[in-house]
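Below, each chain spelled out in residue letters.
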Amino acid sequence: YINGSIAMIKLYEADREAIMNYISDEPEFNLFMIGDIENFGIDSEHVELFAHPSDSGFDSMLLRYRDSFVLYSKSDIYDSADVAAYLKNQNVQFINGKASVLERIVPYFPEMNVKRSYLSKLQNVENACALQSRYTVRALNSDDAEMIVGLFLLIDEFRDSYYGREKEQTENIKVNLETAGKGYGAFEGERLVGVASIAASNSMSAMVIGVATHPDYRKQGIASALVAALCTDCINGGKQFLCLFYDNPEAGSIYRKIGFREMGGYILMTPKR
């Protein structure tokens, strides 16, 4: 509701079938929604869903996970003004979704950075990658969350999202690793030098996130080895596919060697600092 008029309606467990029918045609772009619904439910402390109604059902849909929102519409022509007005009344730190959908709300948020990337999908790992013997790889747990945030703060593409929000982001990582998330870390002794994780894990897929290598340890295949190992584990565990984002040609080349193929554009919006 906005100023007494219906802009967005809240959805509940009774709406689950209608929600899943609306988002199921593009499971890759709706991976976060599907994972959060399966892991947390439709109306919980961490997750809520809202929709903009239309004559045929839904015009668009928003999922809130903590202070992050995922926006989806089956059509690139939806009531972006109402959706933007609703979001402006919320405590928003992140807005993300399919590029063709989010492009319509970008003009309403000049105070936010817009990061464009490519969404890629893997169904089979085509190349496994070995690490040098000086490194050890182990599964990450919630006790590693603070160390993971410390690594992200050293890396340009993560720093803006983590600097000044260390406590909150540490908690986000803990929640992910304590629920359906999974991560692998590469260590030299006790030092974390690389990481790759999954989030939004659901019955058929998961999103590979937080792929990072310490600046002093790059060009040694650490990220490739971690992503390949993580994906192999997930596919062997029954996942039909995994997705990830990349925004530069070098990363795209690395991920294609592992088995990822581009699905289309994706946008992440964050506050300017």
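Here is a short report on the structure shown in this document.

What counts and what doesn't
- Residues numbered from 1 in each chain as written.
- Predicted model: local features only at pLDDT ≥ 70, side-chain atom pairs only at ≥ 80, totals over all residues.
- Heavy atoms only, no water.
- Helix = DSSP H or I, 4+ residues; strand = E, 2+ residues; numbered from the N terminus.
- Rg over C-alpha atoms; globule rule 2.2 N^0.38 Å.
- Buried < 20%, exposed > 50% of the residue type's maximum accessible area, 1.4 Å probe, protein only.
- Pairing = 2+ DSSP bridges.
- Axes fitted to C-alpha atoms, helices over the stretch in contact; angles between N-to-C directions.
- Contact = heavy atoms within 4.5 Å.
- Salt bridge = Lys/Arg side-chain N within 4 Å of Asp/Glu carboxyl O.

### Focus: the overall build of the chain
Here's step 1: Of the regular secondary structure elements, the chain holds nine helices and twelve strands.
Here's step 2: Radius of gyration (C-alpha) of the chain: 19 Å, near the 19 Å computed for a compact globule of 273 residues.
Here's step 3: Referenced to the eigenvectors of the C-alpha coordinate spread, the extents of the chain come out at roughly 60 × 40 × 35 Å.
Here's step 4: A buried classification covers 52% of the 273 residues belonging to the chain.

### A short note on the sheet that holds strand β8 (residues 182–188)
Here's step 1: The strand order across the open sheet built from twelve strands is β1-β2-β3-β4-β5-β12-β6-β11-β10-β9-β8-β7, with neighbouring strands paired in mixed fashion. Sheet topology places β1 (9–11) and β7 (136–139) at the edges, where each strand pairs with a single neighbour. The mean inter-strand angle of the sheet, taken between neighbouring strand axes irrespective of direction, is 25°.
Here's step 2: In the packing of helix α1 (residues 16–23) onto the sheet, contacts are made with β1, β2 (47–54), β3 (57–65) and β4 (68–72), and the angle to β3 comes to roughly 100°.
Here's step 3: Contacts from helix α5 (residues 145–152) reach β7, β8, β9 (191–199) and β10 (205–213) within the one sheet, and its direction differs from that of β9 by about 105°.

### Describing the pattern of salt bridges
Here's step 1: Here the structure, examined in full by the defined rule, presents 19 salt bridges.
Here's step 2: In this structure, glutamate 13 and arginine 16 form a salt bridge, with 2.5 Å as the shortest nitrogen-oxygen distance.
Here's step 3: Residue classification places glutamate 13 among the partly exposed positions, given a relative accessible area of 45%.
Here's step 4: Note that aspartate 67 is salt-bridged to arginine 165, the shortest N-O span being 3.0 Å. Taken as a pair, aspartate 67 in the loop between β3 and β4 and arginine 165 in the loop between α6 (156–162) and α7 (166–178) lie far apart in primary sequence, 98 residues in all.
Here's step 5: What makes aspartate 67 buried here is its relative accessible area of 9%.

### Side note on unusual backbone geometry
Here's step 1: In this structure, arginine 66 takes a positive phi of about 55° despite not being glycine.
Here's step 2: Along the chain, arginine 66 turns up in the loop between β3 and β4.
Here's step 3: Located in the positive-phi region is lysine 219, a residue other than glycine, with phi close to 65°.
Here's step 4: In this fold, lysine 219 is placed in the loop between β10 and α8 (222–236).

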